[in-house]
Amino acid sequence: MANPAYSATAWADAAAAADHWPDVADLTPAVQTLIFSAATRVAKRHTPALDPDTTPITDDMVLAVIYLARDLRAAILRGDTDVVGIGDYALRARPLSAIVRSLLPRKWAVG
């Protein structure tokens, strides 16, 4: 079921996330906006073939942003413990989780 009520900058908000992420209420409104906007930007980068003007925001896409926002907040609290290597050869292991990837739609270009 599409949910066109969300803005172009955030596909989810604290009200939508409350059932899936109870601690979201503990974040300030500014942090909530930052986290959900960042999660939406990441989700958009992983669905580049979708036309933002015609593709409805589905419940799965909203849920993906909620889980991604929760993962981003956890990464912020963890700090740089996900680093492999040192100096210029350091890699940060923060990929999208399998749940988030499965919730985002895929559109393959043909031609």
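Since the structure is predicted, the reported quantities are computational estimates derived from the model, not experimental observations.

(A) Spatial organisation of the nonpolar core. Core analysis: the biggest nonpolar cluster contains 20 residues, and W21, V24, F36 and V65 have the highest contact counts within it. Among the elements of the structure, helix 1 (14–17), helix 2 (29–45) and helix 3 (59–78) are those that each provide at least two residues to this core.

(B) Representation of the environment of A43 within the structure. In this fold, A43 is placed in helix 2. Taking the relative accessible area as the measure of exposure, A43 reaches 1% and is therefore buried. Separated by 21 residues in sequence, A43 and A64 have C-alpha atoms that sit 7.7 Å apart.

(C) Fine view of the packing of aromatic side chains. For the structure on display, the rule yields one aromatic pair. Between W21 and F36 the ring centres are 6.1 Å apart and the planes differ by 65 degrees, which places this aromatic pair in the edge-to-face class. Here F36 lies in helix 2 and W21 lies in the loop between helix 1 and helix 2, a separation of 15 residues in the sequence. The exposure class of W21 is buried, given its relative accessible area of 7%.

Parameters at a glance
- Residues numbered from 1 in each chain as written.
- Predicted model: local features only at pLDDT ≥ 70, side-chain atom pairs only at ≥ 80, totals over all residues.
- Heavy atoms only, no water.
- Core = buried A, V, L, I, M, F, W, Y, C linked by side-chain atoms within 4.5 Å.
- Buried < 20%, exposed > 50% of the residue type's maximum accessible area, 1.4 Å probe, protein only.
- Helix = DSSP H or I, 4+ residues; strand = E, 2+ residues; numbered from the N terminus.
- Phe/Tyr/Trp six-rings, centres within 6.5 Å; stacked < 30°, edge-to-face > 60°.

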